[in-house]
Amino acid sequence: MKIKEVRELETKDLAERLEAEVAKYNQMKLNHAITPLENPSQIKATRRDIARMKTELRQRELNK
């Protein structure tokens, strides 16, 4: 997910999407510990998406 896409989302939608991404990330880590993923770089990409979302939420909070 690009930063442009993150900025276009409403705050409520962004928070919901963040929750879903965190759940997906945790599931990916668990699955990878049991059986290695086909593409382990997905974990890194998901972690970075989560960071982008958290950063945007924090910026919106500070700009109120």
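Quick notes on the rules
Residues numbered from 1 in each chain as written. Predicted model: local features only at pLDDT ≥ 70, side-chain atom pairs only at ≥ 80, totals over all residues. Heavy atoms only, no water. Helix = DSSP H or I, 4+ residues; strand = E, 2+ residues; numbered from the N terminus. Expected span 1.5 Å × (residues − 1). Contact = heavy atoms within 4.5 Å. Axes fitted to C-alpha atoms, helices over the stretch in contact; angles between N-to-C directions. Parallel < 35°, antiparallel > 145°, perpendicular 65-115°, else oblique. Left-handed = near helix turned anticlockwise from the far one by under 90°. Nonpolar A, V, L, I, M, F, W, Y, C, P; charged D, E, K, R; others polar. Core = buried A, V, L, I, M, F, W, Y, C linked by side-chain atoms within 4.5 Å. Buried < 20%, exposed > 50% of the residue type's maximum accessible area, 1.4 Å probe, protein only. Salt bridge = Lys/Arg side-chain N within 4 Å of Asp/Glu carboxyl O.

(A) Quick look at helix H2 (residues 11–34). Between its first and last C-alpha, H2 extends 35 Å over 24 residues, near the 34 Å set by a 1.5 Å rise per residue. Those residues of H2 that are buried lie in contact with helix H1 (3–8) and helix H3 (41–62).

(B) The packing of H2 against H3, seen in detail. Axis separation between H2 and H3 bottoms out at 9 Å; the angle between their running directions is 155°. Taken together, H2 and H3 sit at an angle that is classed as roughly antiparallel. The crossing of H2 and H3 is left-handed. Where H2 approaches H3, its residues Thr-11, Leu-14, Ala-15, Arg-17, Leu-18, Glu-21, Val-22, Lys-24, Tyr-25, Met-28, Lys-29 and His-32 are matched on the opposing element by Gln-42, Ile-43, Thr-46, Arg-47, Asp-49, Ile-50, Met-53, Lys-54, Glu-56, Leu-57 and Arg-60. For the contact of H2 with H3, a count of residues per class yields 10 nonpolar, four polar and nine charged.

(C) Structural detail: the nonpolar core. In terms of nonpolar packing, the biggest core is built from eight residues, these being Val-6, Leu-14, Leu-18, Tyr-25, Met-28, Ile-43, Ile-50 and Met-53. Broken down by secondary-structure element, the contributors of at least two residues to this core are H2 and H3. With four residues, H2 is the single largest residue contributor to this core. Excluding residues within four positions of it along the chain, Ile-43 makes contact with Tyr-25, Met-28, Lys-29, His-32 and Leu-37.

(D) Region of the structure containing the pattern of salt bridges. This structure, assessed with the given rule, holds four salt bridges. Across the salt bridge formed by Arg-7 and Glu-56, the nearest N and O atoms sit 3.6 Å from each other. Residue Arg-7 is found in helix H1, and its partner Glu-56 is found in helix H3; the two are separated by 49 residues along the sequence. Ionic pairing is found between Glu-56 and Arg-60, a salt bridge with its closest N-O pair at 3.1 Å. With Glu-56 and Arg-60 both in helix H3, this residue pair falls four residues apart, about one helical turn. A relative accessible area of 9% places Glu-56 in the buried class.

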